[in-house]
Amino acid sequence: VTMAPDTSSPSRRRGRLRVPWAAPRPLPRCVSSSSSSASVPAVAALVGVVVGAAASLVAVLPLLGVAVPLHRLPAAWIAPASTQLGAKLQAKGAADASGRVPRQRLAARPIYISKRMEEMLDAENLKAALLQEKWQANAGAKKRSQKVVEGRRLAQIVYVRETMEKVWKAEEEEYAGMDYSKQRPEIRAGKKEIIRLEKAGLGPAARQQSMTISLIGLVPQIVSARASGEPMDEEELVYFFGTCEEKYGGDLKPMLVEAYQKMEYVSEGLGTMSLLFRSMAKAKLQSGPAYETLAKNAFPLCKKASPVEIADFGRALASACQLDADTKASITKGLSVSKTAYFTPEPEMIRILAWNCGEAGLRLPEVFGDPHHTVVPEVAVEAWNSVARLASIPQGQLVSGAPVPIVAVEEVVTEEEAQGLIDLADKEKLWQPSARIGKKPVSGRPWSALFGNSSHRTHPAIVNIRLWAADAFDVPVSQVEAVRLVRWRVGEATPTPHADTKPAGDTSMWARGQRIATVLINLKTLPDEAGGDTVFQIKTGDLCIPPDVGTALVWPVVDTAGRPSLAATRSSREVLDAGVWKYSAVTWVRSQKPPDWYKDGMRL
């Protein structure tokens, strides 16, 4: 029967041709007539033979492991196949050697198909899922997620270690007894080098060296949390960086530098960089280019990091810079490039990073600059006024008015509180020499004890001293430093006059600014003949004040312009009486309130 296309329907474009389109229509029934009635039985018989043969073929092909797209075959072909061979296929089951697996009933009859056929049956759903995933990736609506496999990184590190050792052994065997200076070429990880070695007739070594090509792809996965799909582990990284320092791991260092150059630091985050620096330092890795490459990408990551992450990064930098001078120079160079070329850091970020580096023993003025050594004049004038007000209270007395005001205030602490502080320092063994030569304490110099732990901050006597100083200068208690005890035994003194301001470049000023005033409280009363006087060197001569329990000496340590002052330096005379020791508690008031990340003087 000839069917003409429906030209009235709209046409669809296919490529560059316009093909007439017609909606699907059922085949018309054969019109019975005298001329065609005789051929209908023959046509029906022929159709039955063709359908039966096709059904048998469909049933036999799975036994041979041939995949048949059942979803594209008419249902009439599948049903006879399940009827004819269903029992035999069921007897074989899913353990057949051809790899067939049982499938659920189709048209109420059991059918067994191969794995390939099962995949083809789900092809449409798979295609739709891939299109969906591709659309989401292009739209940026969903990040690619990787399956976390525990132990993957450790297995990769072990493989790298074994491979490098094999390469090294092969090289030693290949070139044994040869003149290294003339005949041994440098062996590098790369296809060009391998080809050159093969042409030179160095087959065994070249074949061993070809194993290192696979390491080029493994190193970026080991040092990246995103590439490996596994959380970073410090012990595993230390093990890997230690491999780079082995006699057979020298070729890993250029691979490491290349991996750092191609790493997507934005997706890794500052925490990963801190972990890498810390692990490299623990493994004592000597690779200036690797440290420099990491440091070049530091400041852009600090912009998006939290204060806690920046603080941890600062301590990781300090641990790496303590390895040797070359490593410190490489890190400094990388940080300088990162600061000037890629990103201008914010002042608050510099404060956090510089202070934490300083707390760990690292000063980088060429990168961070120096903190402000002076004080805002308004703050300095207010400190002077606060000291002058103390002289007007009943317990206060102006000891000296020029060149700086020095005021003595009685009954700041009681004798019980003073003795409690001394007992606390003795009980916890906090005493440390204030002056050393190497590791040995200097004879004749006092010892001190710092109450800097969090448990000390809640001691009643310590809380009382800090609150009194904060109220005297009308500042938050966080601007008052931790209390320090100083002890002078018989024959000990502080002969050299000294100022109480912080020197230029002191990293503590990043967080709290310069000192503006000193509060010195005597914890013991000494007889007149026992010595131990506090001596102020002023223009009119030495001002000697004997120690009296509970009395506080207060004076500013900056001038009214905010500059550190040397107008009232102090010292302590030698203790002469063997029956008494001198004890003092001292604290200082800072010029500015510490930020929230400072945690009241405790490291993050």
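Residues numbered from 1 in each chain as written. Predicted model: local features only at pLDDT ≥ 70, side-chain atom pairs only at ≥ 80, totals over all residues. Heavy atoms only, no water.

A word on the pattern of salt bridges. What the rule picks out here adds up to 16 salt bridges. Put simply, R161 and E246 hold a salt bridge, and the shortest N to O gap is 3.4 Å. Taken together, the residues R161 in helix α5 (residues 152-174) and E246 in the loop between α11 (234-244) and α12 (252-262) connect sequence positions 85 residues apart. Relative accessible area serves as the criterion here: at 33%, E246 is assigned to the partly exposed category. Because the salt bridges share partners, they merge into one network encompassing E292, K296 and K333. (Salt bridge = Lys/Arg side-chain N within 4 Å of Asp/Glu carboxyl O. Helix = DSSP H or I, 4+ residues; strand = E, 2+ residues; numbered from the N terminus. Buried < 20%, exposed > 50% of the residue type's maximum accessible area, 1.4 Å probe, protein only.)

So, about the environment of A290. On the secondary structure map, A290 appears in helix α15 (residues 288-295). A residue is classified by how much of its surface remains accessible, and A290, at 0% relative accessible area, is buried. Sequence separation between A290 and M280 is ten residues, and the spatial gap between their C-alpha atoms is 9.5 Å. Among residues more than four places away in sequence, those in contact with A290 are L256, V257, Y260 and M280. (Contact = heavy atoms within 4.5 Å.)

Turning our attention to the sheet that holds strand β6 (residues 406-409). As summarised here, the arrangement of the eight strands in space is β5-β6-β16-β13-β18-β11-β10-β7, forming an open sheet in which the pairing is antiparallel. Each end of this open sheet is capped by a strand with a single partner; those strands are β5 (396-400) and β7 (432-433). Bridge count for β7 against strand β10 (residues 447-450) is two bridges, and the pairing is antiparallel. Paired with P433 across the strands is W447, a residue of β10. Strand contacts of helix α23 (residues 460-473): β6, β13 (515-522), β16 (552-556) and β18 (582-590), with the helix running at about 135 degrees to β13, the strand carrying the most contacts. (Pairing = 2+ DSSP bridges. Axes fitted to C-alpha atoms, helices over the stretch in contact; angles between N-to-C directions.)

The two faces of the sheet receive side chains in turn, since in a regular strand these alternate between them. Direction of pairing for β5 relative to β6: antiparallel, over a ladder of four bridges. The partner of S400 across the bridge, within β6, is I406. Where β5 folds back on β6, the antiparallel hairpin that results is connected by five residues.

With that settled, consider the nonpolar core. Within soluble globular proteins, side chains that are nonpolar generally end up buried alongside one another. If you look at the biggest cluster of nonpolar residues, it comprises 61 residues, and the most contacted ones within it are F240, F241, Y260, F277 and F368. When near neighbours in sequence (up to four residues on either side) are disregarded, F277 contacts Y291, L294, A295, F313, A316, L317, A320 and I331. With 60 residues, the next largest nonpolar core counts A418, L421, A470 and W488 among its residues. (Core = buried A, V, L, I, M, F, W, Y, C linked by side-chain atoms within 4.5 Å.)

Per-chain confidence: the chain averages 74 in pLDDT, with 65% of residues scoring 70 or above. Between the elements of the chain, mean pLDDT differs from a low of 40, seen in strand β4 (residues 112-114), to a high of 96, seen in β13. With pLDDT under 50 throughout, residues 201-210 is counted as low confidence; its partners more than four residues away or in other chains account for 21 contacts. A low-confidence stretch, residues 600-604 (pLDDT under 50), is modelled with 18 contacts involving residues beyond four sequence positions or located in other chains. (pLDDT = per-residue confidence, 0-100.)

This part takes up a nonpolar patch on the surface. Taken together, L154, V158 and Y239 make up a surface patch of nonpolar side chains, about 220 Å² in accessible area. Note on L154: relative accessible area 38%, which makes it partly exposed. (Patch = residues over 30% accessible without salt bridge, like charges linked within 9 Å, V, L, I, M, F, W, Y side chains within 5 Å. Areas by Shrake-Rupley, 256 points an atom, 1.4 Å probe, with all protein chains shown as cover.)

Before going further, it helps to spend a moment on the packing of helix α14 (residues 270-282) against α15. Where α14 meets α15, the axes come as close as 11 Å, and the angle between the chain directions of the two elements is 160 degrees. Accordingly, the angle class assigned to the pair α14 and α15 is roughly antiparallel. Handedness of the crossing formed by α14 with α15: left-handed. Taking contact as the criterion, the partners of M273, L276, F277, M280 and A281 in α14 are, on α15, A290, Y291, L294 and A295. Taken together, the residues that form the contact of α14 with α15 break down as nine nonpolar, no polar and no charged. (Parallel < 35°, antiparallel > 145°, perpendicular 65-115°, else oblique. Left-handed = near helix turned anticlockwise from the far one by under 90°. Nonpolar A, V, L, I, M, F, W, Y, C, P; charged D, E, K, R; others polar.)

Take the packing of helix α21 (residues 377-390) against α23 next. Each pair of packed helices gets described by two things: the angle between the helix axes and the distance between those axes. Put simply, α21 and α23 touch, their axes get as near as 8 Å, and they point 110 degrees apart. With respect to α23, the axis of α21 lies roughly perpendicular. Residues A383, S386, V387 and L390 of α21 touch α23, and the partners they reach there are W468, A472 and F473. Broken down by class, the residue content of the contact of α21 with α23 amounts to six nonpolar, one polar and no charged.

Here four strands make up an open sheet; going across it, the order is β12-β17-β14-β15 and the pairing antiparallel. Two strands lie at the open edges of the sheet, namely β12 (494-498) and β15 (541-545), each paired on one side alone. Ignoring strand direction, the axes of neighbouring strands in this sheet form an average angle of 20 degrees. Pairing of strand β14 (residues 534-538) with β15 involves five bridges; the strand directions are antiparallel. In the sheet register, F536 faces β15, and the bridge partner there is L543.

Position of R351 among the secondary structure elements: in helix α19 (residues 347-359). Exposure remark for R351: the relative accessible area of 19% places this residue in the buried category. Here A511 takes part through its backbone oxygen, which lies 3.0 Å from a polar atom of the side chain of R351. (Polar contact = N/O pair within 3.5 Å; in protein donor to acceptor, adjacent residues only side chain to side chain.)

Take unusual backbone geometry next. For the bond running from A402 to P403, omega is 0 degrees, close enough to zero to count as cis. Following the sequence through the fold, P403 ends up in the loop between β5 and β6. If you check the backbone angles, K429 has positive phi at about 55 degrees while not being a glycine. If you check the backbone angles, D474 has positive phi at about 55 degrees while not being a glycine. With respect to the element layout, D474 can be found in the loop between α23 and β11 (484-488). We classify D474 as exposed; its relative accessible area is 66%.

Let's shift gears to α14. Given a rise of 1.5 Å per residue, 13 residues ought to cover 18 Å, and the 18 Å separating the end C-alpha atoms of α14 matches this to within 8%. Along α14, eleven of the 13 residues are buried, which leaves the element largely enclosed by surrounding structure. Two residues or fewer past α14, K284 is found with a positive phi of approximately 55 degrees. (Expected span 1.5 Å × (residues − 1).)

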